[in-house]
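Fold and contact review
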Amino acid sequence: SAPSWVAPPGGFTTQAVLTSGTTWAVPTGKTVAKVYVTGGGGGGSGTGAARGGGGGGGTAIRYYNVSAGGTATIAIGAGGLAGASSPGGSGGATSFDYGGVAIQGDGGAGGNFNPGGGAGGASSGTGALLVTGQGGIAGDGGTGNGGGGSSFWGGGGTNNAAGTNYGGGGGSSNNGFQGVIVIEY
């Protein structure tokens, strides 16, 4: 017979994926939450002979002791816009603050032209695991197309494609993907 799986006692049983809003309320009966914050990906450059991709958003990961009825303040970073005839825009920062303890994933920098890709976003927060986003890839000067950097979740855009997952940088002439907060509780 097929094995049956049961969640271990005391483990996380639910996951919330937040892509908008300004607050998150702690559900009844929950005492610990694992929080991931990822900034928005940078937009790709839209000009020059070597259009660079945007950088991936940075990620911070932290456990929080929480109480039912408590509220966290959140912000979700937008993806950076592609440059029309200029460098791409930077992605926005994503943050989570519960009880005065904050973590933040910065957005990736926009892609440049000659020399190229935007820097990956940094991250910050006391007691957090900090992951820098991957830098965008410079165009080669021939085809002129650079790819976007990946975030913790992957998703950097390939040449001439938008970021494909949370925090992914946009490839040349394309937008970065928005940031995200993932909460396991």
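Here's what I pulled together on the structure shown here. (Residues numbered from 1 in each chain as written. Predicted model: local features only at pLDDT ≥ 70, side-chain atom pairs only at ≥ 80, totals over all residues. Heavy atoms only, no water.)

When its secondary structure is counted, the protein chain shows zero helices and 10 strands. Secondary structure of the protein chain in N-to-C order comes out as β-β-β-β-β-β-β-β-β-β. If you line up the protein chain on its principal axes, its C-alpha atoms span 55 × 50 × 25 Å. The 185 residues of the protein chain split such that 46% are buried. Of all intrachain contacts in the protein chain linking residues separated by at least 6 positions in sequence, the fraction that spans at least 24 positions is 66%. Here the protein chain has roughly 8,000 Å² of accessible surface; of this, 53% comes from carbon and sulfur atoms. Between the centroid of the 4 positive side chains of the protein chain and the centroid of its 4 negative side chains there is a distance of 8 Å. (Helix = DSSP H or I, 4+ residues; strand = E, 2+ residues; numbered from the N terminus. Buried < 20%, exposed > 50% of the residue type's maximum accessible area, 1.4 Å probe, protein only. Contact = heavy atoms within 4.5 Å. Areas by Shrake-Rupley, 256 points an atom, 1.4 Å probe, with all protein chains shown as cover. Lys, Arg positive; Asp, Glu negative; His and termini not counted. Charge placed at Lys NZ, Arg CZ, Asp CG, Glu CD.)

In this structure, Arg51 sits in the loop between strand E3 (32-38) and strand E4 (59-65). Within the structure, Arg51 has its side chain in polar contact with the side chain of Asn145 (distance 2.6 Å). Within the structure, Arg51 has its side chain in polar contact with the side chain of Ser173 (distance 3.5 Å). (Polar contact = N/O pair within 3.5 Å; in protein donor to acceptor, adjacent residues only side chain to side chain.)

Bringing the environment of Gly154 into the picture now. Turning to its location among the elements, Gly154 is positioned in the loop between strand E9 (129-131) and strand E10 (180-184). C-alpha separation for the pair Gly154 and Gly53, spaced 101 residues apart in sequence, amounts to 14 Å.

Attention now goes to unusual backbone geometry. With phi around 60°, Asn160 is a residue other than glycine that occupies positive phi space. Structurally, the position occupied by Asn160 is in the loop between E9 and E10. The exposure class assigned to Asn160 is partly exposed, which follows from its relative accessible area of 41%. Phi at Ser173 is positive, roughly 65°, even though this residue is not glycine. Here Ser173 shows up in the loop between E9 and E10.

With that settled, consider the sheet that holds E3. Taking strand neighbours across the sheet as the criterion, the five strands line up as E1-E10-E3-E4-E9 in an open arrangement whose pairing is antiparallel. Edge positions in the open sheet fall to strand E1 (15-18) and E9, since each of these has one partner strand only. Mean inter-strand twist for the sheet, computed between neighbouring axes without regard to direction, equals 15°. Sheet analysis places E3 next to E4, joined by seven bridges and oriented antiparallel. Of the residues in E4, the one forming a bridge with Tyr36 is Ile61. (Pairing = 2+ DSSP bridges. Axes fitted to C-alpha atoms, helices over the stretch in contact; angles between N-to-C directions.)

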